[in-house]
Every structure is written in C-alpha cells, then in structure tokens.
Amino acid sequence: MSDKNEKNRSVSVDKDERRLKPIPFAITFLVMFALWLVLSGKFDAFHMGLGVISCLIVAAMSSDLLITNTTFSTIPGLWGRFLMYFPWLLWQIVLSNIHVLKLVYSRDPLTRINPQMVYFKSRLKNDMALVTFANSITLTPGTITVALSVYGDYAVHAIDDTTAGGLPGDMETKSGHIFGE
Amino acid sequence: MIVLTVIVGLLMAVGLFIFLTAAVGMIRFPDFYSRLHPAGMIDCMGVLLTMGGLALFALFDGGISLASFLNFAKIVLIVVFIYITSPTATHAIIDAGMRAGLQPWTKKKDM
Amino acid sequence: MENVILYSGIALAVIMAVSLYRTVVGPTILDRLMGVNAIGSETTVLLIIIGILYRKVDMFIDIALAYALLNFIAVLAAARYFHKKKGLYDENENKDR
C-alpha cells in the first residue's frame, strides 16, 4: 500500500474506525517516545529498543484517543498561536494574583470581598475554544468556572466586583483567536 | 555562582510568600467557595515560582550536563502537568459543592 | 549555596502546618478536601527540595511526578464521591443526622 493513498483515506472519511491511521499513529508515537527519553535518561541501544517497542504498542492501542480531529494541516498553527497566547495568560495570572493577595492581607476581608455568581453567554462555537476559555478563567485566581454547556453558557463564581466586572473581556477574543474564530 | 544563589533565593522567597498567602486566605475567608480562590493561587503562581527556582538550581548546580538538563526537563514537565490538571481538580471540587446544594456566602445587603 | 534550599524547605514545612488548619477544622468535608489538595501541591515542591538536599534529584523528581498524578486522581475521585448530600452537613451544628 502506498503511503499517500493511506493518508487520503484517513483524511477524507471516517469509514473504517478500526483501521490504524498513519498520521495520528506517528504523532502519538513521537510524543510517547519523547516522554520515554526524558523520563528514562538512558541512551544506549537496549533501553531505546525497549522504548520503541512499548511506544509502538501504546500508540497502536491509543492513537485515536490523543488525536481526534481529522485535519492535520492546522495543528502547527494551532500550537504556534497557543504559545503566543500563553505568556499573555501568565501575565493575567500575575495581575490577578496580586489582586487576591491584597484582598487576603486587607484589614477586614469580609467587607472587601463580594462573592457572586456571574452568568454570561459566550459567542465561541468550537468545543476546544470553550474548554480553553473555561480553563483560563479557572486558572486566574479570583474567578472559577462552575458550569459550562455546549452552547456556551458559562456560570462563573467571582470573588469581588473587580474580577466579576472584567469577565468575558479580552480573554474570550484571545482564546477564540487560537482556534480561528 | 552568587548570581544563581540570589536568583534562586528570590524566586523561592516570592513563591513561599504566595504559599503563605494562600494558607492565610484559606483561613480568613468566610465560606467554601471563596476559600477556593486563594487555594488556586498555590497551583498557579506558587508552584510556578518555586519550581522555576528549583529547576534553575538543578540545571546550573555543578555544571550543565546531560543529566542536569534531563532533571530540568522533568521539573518543567511536572509544572506543565500541574497547569493542565489544576483547573480540572478545582472544577471537580466546586462542582461537588454545587451539586450537593451548598449555598454560596453573599454579603448582607443591609449591613 | 545549599543553605537557601534548606531554609526554603523548613519554611515550606511550616507553611504546610498552617495549611493543615483548614483540613482539621473545616466545617464541611469539601473544605477538608481542598486543604488536602493544597498540601499535596506543596508536597510536590518539598519532595524536590529533599531530593536536592540528598543529592538524588533524578530519583526524587520521579517520585514528585507520581505524587502529583496521585494527588490529582485522589481529589477527582473524592469529589465524585461527595457529589451527594452526605458530604456537606456541618458536623458541629447537627450531630444527630
């Protein structure tokens, strides 16, 4: 069988679910083998041969769990945009950490904080964009995602008026931009 | 070498201060939902700063070699793992509270 | 040089004792669960500090990674277990339930 023919079939339709698709298999194998090399730390032939054998078995069993989508041309751009997004998210985490830190060490925290539930509807459509946005909200201290539906209805618990006021905000457009929305 | 000591000490000090802030916040805040916000600070900033200091120490202490670089990579791997799993754990805890019917503490209007 | 790491480990142990307050006292079981999660995250850092002090970093990093995994799985399982009402009542107020 030619490699190109395999690739076309796997990209076009998901007709045969049990069939091993080469591109998810290769990506899973490379990720698993990199993890093996980092965790083992031995670079002689015997240990690397053991790694190749076990990574082949694991990748054959679970390649459809790690990679689920069927278009692979968008993956490098996706990771590039995510790596651009992450420093901005880190900066937001630092800012909200300072905010919560001031709240904790204030003289009377019971009057400074105002816990409340915020409900809003997001305009994002992609499932991964919704999950990334929800995880980003939870990762910044001061706001925690309580519930999320597939239609984009968020319920967020915020600790005071400042964090509740800045809620959908800039983070929604940026995390939607990762997935091309 | 003294530069490395200062940098590692500074990172560890700030990270430990954030750990202390989270512990104090978990004591001072009024109810379960608002206590989760300082508890999230541990997994975000505190672990990042302290693990960053320890990773720099593991990389540069005793010269850069393959073994020390592998230690550095493993510590970075732990931080990435914590950043992936911490929102899931926090969401699981707050979802358990919501499903069990614990009402959030709110400020009294007529105070 | 290593004194920095040593004093950081001692300070971290004291901070873990402060975090233990919410685990022991906490009115509901979910408070205790949150305290256990916080202490588990701090233990991951403390394990690497111990590894550096004993000059066996490569071994203790693997233990720390396994501990982080185990902490996550334990919190997830316990949170699923206490979905029902039983995890919630305040045992200081109504002991007769």
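Scoring rules and cut-offs
Residues numbered from 1 in each chain as written. Chains lettered and ligands numbered in written order. Predicted model: local features only at pLDDT ≥ 70, side-chain atom pairs only at ≥ 80, totals over all residues. Heavy atoms only, no water. Helix = DSSP H or I, 4+ residues; strand = E, 2+ residues; numbered from the N terminus. Rg over C-alpha atoms; globule rule 2.2 N^0.38 Å. Buried < 20%, exposed > 50% of the residue type's maximum accessible area, 1.4 Å probe, protein only. Contact = heavy atoms within 4.5 Å. Axes fitted to C-alpha atoms, helices over the stretch in contact; angles between N-to-C directions. Parallel < 35°, antiparallel > 145°, perpendicular 65-115°, else oblique. Nonpolar A, V, L, I, M, F, W, Y, C, P; charged D, E, K, R; others polar. Salt bridge = Lys/Arg side-chain N within 4 Å of Asp/Glu carboxyl O. Pairing = 2+ DSSP bridges. Polar contact = N/O pair within 3.5 Å; in protein donor to acceptor, adjacent residues only side chain to side chain.

Undergrad: How do you make sense of the overall build of chain B when you look at a structure like this?
TA: Scanning chain B for helices and strands turns up three helices and zero strands. Going from the N terminus to the C terminus, chain B shows its helices and strands as α-α-α. On C-alpha atoms alone, chain B measures out to a radius of gyration of 19 Å, which is more than a quarter above the 13 Å that the 2.2 N^0.38 rule sets for 111 residues. Along the longest, intermediate and shortest principal axes, the C-alpha atoms of chain B span 60 × 30 × 15 Å.

Undergrad: Even after reading the chapter, I still don't get the overall build of chain C, so can you show me in this structure?
TA: When helices and strands are tallied, chain C shows three helices and zero strands. Starting at the N terminus, the α and β elements of chain C follow one another as α-α-α. Sorting the 97 residues of chain C into buried and exposed places 48% on the buried side. At a minimum sequence separation of 6, the contacts of chain C that also span at least 24 residues come to 59%.

Undergrad: How do you make sense of the packing of helix H1 (residues 2–28) of chain B against helix H1 (residues 2–25) of chain C when you look at a structure like this?
TA: When two helices pack together, their arrangement is captured by the angle between the axes and the distance separating the axes. Closest axis-to-axis distance for the H1 of chain B/H1 of chain C pair is 9 Å, and the angle between their directions is 10°. Relative to H1 of chain C, H1 of chain B is oriented roughly parallel. Residues Thr5, Val8, Gly9, Met12, Leu16, Phe19, Leu20, Ala23, Met26 and Ile27 of chain B of H1 of chain B touch H1 of chain C, and the partners they reach there are Val4, Ile5, Ser8, Ala11, Leu12, Ile15, Val18, Ser19, Tyr21 and Arg22 of chain C. For the contact of H1 of chain B with H1 of chain C, a count of residues per class yields 15 nonpolar, four polar and one charged.

Undergrad: It is not clear to me how unusual backbone geometry should be interpreted in this structure. Could you clarify?
TA: A negative phi angle is the norm for most residues apart from glycine, just as the trans form is the norm for most peptide bonds. Unusually for a residue other than glycine, Arg55 of chain C sits at a positive phi of about 60°. When you line up the elements, Arg55 of chain C lands in the loop between helix H2 (29–53) and helix H3 (57–81).

Undergrad: Sorry, what's going on with the pattern of salt bridges here?
TA: When the charged atoms of two side chains with opposite charge come close together, those side chains can pair. Residue and element names in this part refer to chain B. Tallied over the full model, the rule gives five salt bridges over all chains. The partner of Asp95 in a salt bridge is Arg99, and the shortest N-O contact between them spans 3.0 Å. Residue Asp95 and its partner Arg99 are located together in helix H3 (residues 66–100), separated by four residues, close to a single helical turn.

Undergrad: Teacher, can you tell me more about the sheet that holds strand E2 (residues 143–148) of chain A here?
TA: Think of a sheet as strands paired side by side through backbone hydrogen bonds, with each pair either parallel or antiparallel. Strand order in the open sheet formed by three strands is E1-E3-E2 (chain A), with antiparallel pairing between adjacent strands. This sheet does not close on itself; its edge strands, each paired only once, are strand E1 (116–121) and E2 of chain A. For this sheet the average axis-to-axis angle between neighbouring strands, irrespective of direction, equals 25°. Summarising the sheet, E1 of chain A and strand E3 (residues 153–158) of chain A pair through six bridges and their orientation is antiparallel. If you follow Tyr119 of chain A over to E3 of chain A, its bridge partner there is Ala155 of chain A. Running at roughly 85° to E3 of chain A, helix H2 (residues 32–60) of chain B makes contact with E2 and E3 of chain A of the sheet. Sheet contacts for H3 of chain B: E1, E2 and E3 of chain A; angle to E2 of chain A, the most-contacted strand, approximately 65°.

Undergrad: Can you help me understand the side chain of Thr145 of chain A in this one?
TA: Along the polypeptide, Thr145 of chain A turns up in strand E2. Residue Thr145 of chain A is classed as buried on the basis of its relative accessible area of 3%. One polar contact links Thr145 of chain A to Thr138 of chain A, side chain to side chain, over a distance of 3.4 Å. Setting aside its immediate chain neighbours within four residues, Thr145 of chain A contacts Ala134, Ile137, Thr138, Tyr154, Ala155 and Val156 of chain A together with His91 and Ile94 of chain B.

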